[in-house]
Amino acid sequence: MKNLSNKGAQAYTPLTLKLYDWWVLGISNRYAWRCPTEDVLLNHFKKHLGRKHLDIGVGTGFYLSQLDHARDITLMDLNTHSLDAARTRIGPQRIDSCVEHDVFNEFPQALHNSFDSVSLFYLLHCLPGLPEDKARAIKNAAAALNANGTLYGATILGDSAGHNGFGRKLMKVYNKIGIFSNRQDNALHLKQALEDCFEEVSVSTVGVVATFSASKKRV
Ligand SMILES: C[S@@+](CC[C@H](N)C(=O)[O-])C[C@H]1O[C@@H](n2cnc3c(N)ncnc32)[C@H](O)[C@@H]1O
């Protein structure tokens, strides 16, 4: 693995990836973030999935592993452990390519205007910087979509979202060690960043998680 300057990616080792589904998708989503994985997030993933799909910030590959019909999948992550885990979990025969890449950097030209759908699930709250810095990641992801494509995802909002006690504890620790950088993230900034790139934007909040989708990319 290359030197990872981003702590939001460094945290994903073979060990933490083994615990990820239990801790994040099981316990934290239900009790800290109040946004159940299966009922809300998996349904959101399924609803917007297109034929040719790019998943950015892949973790363990949980969502695509649940959607057997998805083929033509490209995985992108800064961390090769995540790419390896997701590829194995989803099934290598369903994966077109794995791209080790920082979402903050412009994507390789071969990925531009290529995909029917691009997903950013639980990536934005891991990215360092202020909400306006994260807009760069959204802009790069938008460039990978074809003209009819949809960008969609979910992200844990910051301090103003109304976290419960469990959530506040996790927010404090994760932001201190750099796994999260989301204290100032809010739904308005997210909507603005999406509207800068797309004509049609939808942002909803479940618990302290914003789910979003955006289509009709601006040219
Ligand atoms: C919290 S996990 C999300 C996993 C999965 N999408 C989910 O929702 O369960 C965040 C993932 O984003 C990756 N990541 C973090 N920073 C990144 C960056 N700058 N560019 C690309 N991937 C990044 C991490 O390596 C990790 O695999």
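Whatever comes next refers back to the structure up there.
In short, a report on the structure. All figures in this text were calculated on a predicted structure; none of them were measured in a lab.

**Focus on the environment of Arg94**
Next up, step 1: With respect to the helices and strands, the residue Arg94 is situated in the loop between helix 5 (80-90) and strand 3 (95-100).
Next up, step 2: For Arg94, a count of 17 C-beta atoms within 10 Å puts it in the partly exposed group.
Next up, step 3: Put simply, Arg94 and Leu123 are 29 residues apart on the chain and 22 Å apart in space, counted from C-alpha to C-alpha.
Next up, step 4: Once residues within four sequence positions are removed from consideration, Arg94 is found in contact with Ala70, Arg71 and Ile73.

**A word on helix 3 (residues 37-48)**
Next up, step 1: Counted at 1.5 Å a residue, the expected span for helix 3 with its twelve residues is 16 Å, and the 16 Å between its end C-alpha atoms agrees.
Next up, step 2: Every buried residue of helix 3 is accounted for by Thr37, Leu41, His44, Phe45 and His48. Down the axis of helix 3, the buried set is contained in an arc of 105°. They therefore lie on one face. Away from its buried face, by an angle of more than 90 degrees, helix 3 presents the exposed residues Glu38, Asp39, Asn43 and Lys47.

**Focus: unusual backbone geometry**
Next up, step 1: A positive phi is found at Tyr122, a non-glycine position, where the angle reads about 55°.
Next up, step 2: Its place among the elements puts Tyr122 in the loop between strand 4 (115-121) and helix 6 (131-143).
Next up, step 3: A positive phi angle is found at Lys216, which is not glycine, with a value near 55°.
Next up, step 4: Within the secondary structure, Lys216 is located in strand 7 (residues 209-217).
Next up, step 5: Judged by C-beta crowding, with 14 C-beta atoms within 10 Å, Lys216 ranks as partly exposed.

**Some thoughts on the site of the ligand**
Next up, step 1: The immediate surroundings of the ligand are formed by 20 residues, with Gly57, Gly59, Asn79, Ser82 and Phe121 found nearest.
Next up, step 2: Partitioning the shell around the ligand into residue classes produces twelve nonpolar, six polar and two charged.

**Remarks on the packing of helix 6 against helix 8 (residues 187-197)**
Next up, step 1: In contact at an axis separation of 9 Å, helix 6 and helix 8 are set at 35° when each is read in the N-to-C sense. The crossing of helix 6 and helix 8 is right-handed. Along its contact with helix 6, which presents Pro131, Lys134, Ala135, Ile138, Lys139 and Ala142, the element helix 8 presents His189, Ala193, Leu194, Asp196 and Cys197.

**Looking at the nonpolar core**
Next up, step 1: Core analysis: the biggest nonpolar cluster contains 60 residues, and Ile56, Val118, Leu123, Ala141, Leu194 and Val209 have the highest contact counts within it.
Next up, step 2: Looking at which element gives the most residues to this core, the answer is strand 5 (residues 145-156), with five residues.

**Quick look at the pairing of strand 7**
Next up, step 1: Taken together, the seven bridges between strand 5 and strand 7 define a ladder with antiparallel strand orientation. Residue pairing for strand 7: Ile156 is matched across the bridge by Val209.
Next up, step 2: As paired elements, strand 6 (residues 198-206) and strand 7 share eight bridges and run antiparallel to each other. Its bridge partner lying in strand 7, Ser202 is registered against Ser213.

**Thoughts on the packing of helix 2 (residues 14-32) against helix 7 (residues 165-177)**
Next up, step 1: At their nearest, the axes of helix 2 and helix 7 sit 8 Å apart, and the two run at 120° to each other. Overall, the two elements helix 2 and helix 7 adopt an arrangement that is oblique. Across the interface between the two elements, Ser28, Tyr31 and Ala32 from helix 2 touch Phe166, Gly167 and Leu170 from helix 7.
Next up, step 2: Among the residues forming the contact of helix 2 with helix 7, the class breakdown is four nonpolar, two polar and no charged.

**Structural notes on helix 6**
Next up, step 1: For helix 6, built from 13 residues, the straight-helix expectation of 18 Å at 1.5 Å per residue is met to within 8% by its first-to-last C-alpha distance of 19 Å.
Next up, step 2: Of all the residues in helix 6, the buried ones are Lys134, Ala137, Ile138, Asn140 and Ala141. The arc that holds the buried residues of helix 6, viewed along the axis, is 160°, so those residues lie on one side.
Next up, step 3: Buried positions along helix 6 lie against strand 1 (53-56), strand 4, strand 5 and helix 8.

**Quick look at the sheet that holds strand 6**
Next up, step 1: As summarised here, the arrangement of the seven strands in space is 3-2-1-4-5-7-6, forming an open sheet in which the pairing is mixed. The open sheet has two edge strands, strand 3 and strand 6, and neither has a second partner. For this sheet, the mean angle separating the axes of adjacent strands, direction not counted, is 15°.

What counts, and where the lines are drawn
Residues numbered from 1 in each chain as written. Predicted model: local features only at pLDDT ≥ 70, side-chain atom pairs only at ≥ 80, totals over all residues. Helix = DSSP H or I, 4+ residues; strand = E, 2+ residues; numbered from the N terminus. Buried ≥ 20, exposed ≤ 12 C-beta atoms within 10 Å, placed from the backbone. Contact = placed C-beta atoms within 7 Å. Expected span 1.5 Å × (residues − 1). Arc of directions from axis to C-beta. Near = placed C-beta within 6 Å. Nonpolar A, V, L, I, M, F, W, Y, C, P; charged D, E, K, R; others polar. Axes fitted to C-alpha atoms, helices over the stretch in contact; angles between N-to-C directions. Left-handed = near helix turned anticlockwise from the far one by under 90°. Core = buried A, V, L, I, M, F, W, Y, C linked by C-beta atoms within 7 Å. Pairing = 2+ DSSP bridges. Parallel < 35°, antiparallel > 145°, perpendicular 65-115°, else oblique.

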